[in-house]
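What the coordinates show
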Amino acid sequence: MRDNLLKQKIKNGESAIGTFVKMTDPSVVEVLALAGFDFFVLDTEHVAIDREQLLGILRAAEAFNITPLVRVRENQQVEILQNLDLGYMGVQVPNVDTPEQAKRMVESVKYTPLGVRGLSPSIRACGYSTCGVQEYIDHANAHTMVVSHCETKECVDNLDEILKIDGIDVIFIGPMDLSQSLGVPGQTGSELVKSTIDTIFEKVGKSDKAIGTTAGTPEAALALIERGAQYILLSTDQAMLLKWGKSAIDKIRGKE
């Protein structure tokens, strides 16, 4: 059983840098680890990834000591269970808009007495039955991360109550979906979106949860850290490859 270094870093008041992984080759997370990223979030919400690919990526993460999380497709108990049973160290859950949904999310992640996650000691996360059951339960409850999306007007309206739910580690702002919910799709720099994000920062800052969001550039990430963000997803694997590649080709061909 592995300790969750990402969760510990956030508890210590530090900021962590990750990225969304959308490519399915395990070498991607090996490269991210070598580059110094603290964690990654495998994006199964927007990318079709099968179980064998999930496992291959996880093994690469464990070998190169980068914390692996999954953005699940939906706030559904079996969906969360199967990813965690493989050994992923946390879930990032979209569309959590009410206290009831937040409570169900936490219960799906945690074992009794904190939740209702199905218990099977034969899973990979428990060493295929080689670890003590109670030891595993205690370790999983302590180390598994719960990252709850705040990406709709409904969530913002309910945020005070959602923040009262024990077991949530990070409130994650999804700027793009938030802009759509606010009626200005894609306009993440609009005053309406920015003021709403300010409200989220203010509310979460008064709670015991950490705040997370996305950053498109290192400069944006540094600005977020200055604001108190601790869980930052810097771009995506695909976007980083595209940005560097396009810049290099443009320079070679005299377009810059």
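Now for a description of the structure that goes with this document. Fair warning: this is a prediction, and the values are worked out from it, not measured in the lab. (Residues numbered from 1 in each chain as written. Predicted model: local features only at pLDDT ≥ 70, side-chain atom pairs only at ≥ 80, totals over all residues. Heavy atoms only, no water.)

**Some remarks on the overall build of the chain**
- A tally of helices and strands in the chain yields twelve helices and eight strands.
- A compact globule built from 256 residues would reach a C-alpha radius of gyration of about 18 Å, and the chain, at 18 Å, matches this within 12%.
- For the C-alpha atoms alone, the extent of the chain along its principal axes is close to 60 × 45 × 35 Å.
- A buried classification covers 51% of the 256 residues belonging to the chain.
- For the chain, the proportion of contacts with a sequence separation of at least 24, taken over those separated by at least 6, is 64%. (Helix = DSSP H or I, 4+ residues; strand = E, 2+ residues; numbered from the N terminus. Rg over C-alpha atoms; globule rule 2.2 N^0.38 Å. Buried < 20%, exposed > 50% of the residue type's maximum accessible area, 1.4 Å probe, protein only. Contact = heavy atoms within 4.5 Å.)

**Here we look at the state of the cysteines**
- Per the counting criterion, the structure on display carries one disulfide.
- Paired through a disulfide, Cys126 and Cys131 show a sulfur-sulfur distance of 2.4 Å.
- Residue Cys126 is classed as buried on the basis of its relative accessible area, which comes to 1%.
- Cys150 takes part in no disulfide bond, and the closest cysteine sulfur to it belongs to Cys155, at a distance of 3.2 Å.
- Note on Cys150: relative accessible area 0%, which makes it buried.
- Among the residues examined, Cys155 registers a relative accessible area of 2% and is labelled buried. (Disulfide = S-S within 2.5 Å.)

**Description of the nonpolar core**
- Phe40, Leu42, Tyr88 and Ile200 are the most contacted members of the largest nonpolar core, which totals 56 residues.
- Once residues lying within four places of it in the same chain are set aside, the contact partners of Phe40 are Thr19, Val21, Val29, Leu32, Ile57, Ala61, Ile66, Thr67, Pro68, Leu69 and Tyr88.
- The next biggest cluster of nonpolar side chains, apart from the first, holds 14 residues, and it includes Ala16, Phe39, Val41 and Tyr231. (Core = buried A, V, L, I, M, F, W, Y, C linked by side-chain atoms within 4.5 Å.)

**Remarks on the packing of helix α3 (residues 51-64) against helix α4 (residues 77-86)**
- Relative orientation of the contacting elements α3 and α4 amounts to 40°, with a least axis distance of 10 Å. Classified by the angle between their axes, α3 and α4 sit oblique to one another. Where α3 crosses over α4, the handedness of that crossing is right-handed. Between α3 and α4, the residues in contact are Arg51, Leu54, Leu55 and Leu58 and Gln82, Asn83 and Leu86, respectively. (Axes fitted to C-alpha atoms, helices over the stretch in contact; angles between N-to-C directions. Parallel < 35°, antiparallel > 145°, perpendicular 65-115°, else oblique. Left-handed = near helix turned anticlockwise from the far one by under 90°.)

**Focus: the sheet that holds strand β3 (residues 67-71)**
- Spatially, β1-β2-β3-β4-β5-β6-β7-β8 is the arrangement adopted by the eight strands of the closed barrel, whose pairing is parallel. Shown here is a sheet whose adjacent strand axes are inclined to one another by a mean of 25°, direction ignored.
- In the sheet, strand β7 (residues 210-215) pairs with strand β8 (residues 231-236) via four bridges, with the strands oriented parallel. Looking at β8, one finds that Thr213 is bridged to Ile232.
- Packing of helix α2 (residues 27-35) onto the sheet brings it into contact with β1 (16-21) and β2 (39-43), and relative to β1 it is tilted by some 160°. (Pairing = 2+ DSSP bridges.)

**Comments concerning unusual backbone geometry**
- The peptide bond linking Thr112 to Pro113 adopts the cis configuration, its omega dihedral lying at 10°.
- Mapped onto the elements of the fold, Pro113 is located in the loop between α5 (99-109) and α6 (133-143).
- Backbone geometry at Tyr128 places phi at a positive 55°, although glycine is not the residue there.
- According to the relative accessible area criterion, Tyr128 is exposed, its value standing at 52%.
- With a phi angle near 60°, Ser235 is a residue other than glycine that sits in the positive phi range.
- Relative to the helices and strands, Ser235 resides in strand β8.

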